[in-house]
Amino acid sequence: MAELSFTQEELDEIERLKAKFPTAKAATLRVLWVAQQKYGHVEPEVQNLVAETLDVPKSHVHGVASFYTQYYKEEKGKFVLDVCTCLSCQLCGGYEILHHLEEELGIEAGETTDDGMFTIQEVECLGACGYAPMLQVTNGVYVNNLTKEKVDTLLENLKNGNMPEFESMAMPELEKRNQAASK
């Protein structure tokens, strides 16, 4: 891997981030995001760059990066599909969605397509149990209430460069309370 570095613009952003925290160490999460946006992952070499830039121990940066699943410790596809398979999603068809994705893309969970377009990951709870089964696209938009047809449409849209839109989901109990209050 070639020598890694941040541009002056990125270093300026990192300085702005550091100024928001009491210590450089406290800015680690945010600076790891800057690094992941630049390199697409935070492999050990990228973690070392972050540690050197913040002047903090490499072990600290590694500990933070390895704790959070949102930081990719290896190269991933352009679109990372995190399929939730916790109990709620599992009961609502999470594994069926995961296996459908595997069949459609010709890869298994943890793998990336040969063209570098998609990586599938099986993950635990993304906190949207009421909208199961669901997945998250590259640490961003959630796609809820999945069906095989909805997955096929999602894949086609992503292949064409169209990210899904944010989908506001109403909380049923809150909705009932709001309806009762308006009567």
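Everything in this summary refers to the structure shown in the same document. (Residues numbered from 1 in each chain as written. Predicted model: local features only at pLDDT ≥ 70, side-chain atom pairs only at ≥ 80, totals over all residues. Heavy atoms only, no water.)

1. Quick word on helix α4 (residues 58-67)
Convention followed: Only protein chains enter the accessibility calculation, which uses a 1.4 Å probe; a residue whose area is less than 20% of its type maximum is buried, one above 50% is exposed, and one in between is partly exposed. In this text, helices come from DSSP runs of H or I with a minimum length of four residues, and strands from runs of E with a minimum of two, each type numbered from the N-terminal end. Of all possible arcs, the one meant is that of the directions from the helix axis to the C-beta atoms. What makes two residues a contact is simply this: any of their non-hydrogen atoms within 4.5 Å.
Those residues of α4 that sit buried are V61, V64 and A65. With its buried residues spanning 95° around the axis, α4 presents them on a single face. Exposed residues on α4 whose side chains face more than 90 degrees from its buried face are S59 and F67. The inward-facing, buried residues of α4 contact α2 (28-39) and α3 (44-54).

2. Brief notes about unusual backbone geometry
Of the consecutive residues A132 and P133, the connecting peptide bond is found in the cis state with omega at -10°. One can find P133 in the loop between β2 (118-123) and β3 (135-137). Residues other than glycine seldom take positive phi values, yet T138 does so here, at roughly 45°. Note on placement: T138 falls in the loop between β3 and β4 (142-143). Look at T138 and you get partly exposed, because its relative accessible area is 29%. Phi angles above zero are rare outside glycine, and N145 is one such case at about 50°. Considering the arrangement of structural elements, one finds N145 in the loop between β4 and α7 (148-159). Looking at N145, the relative accessible area reads 34%, which means it is partly exposed.

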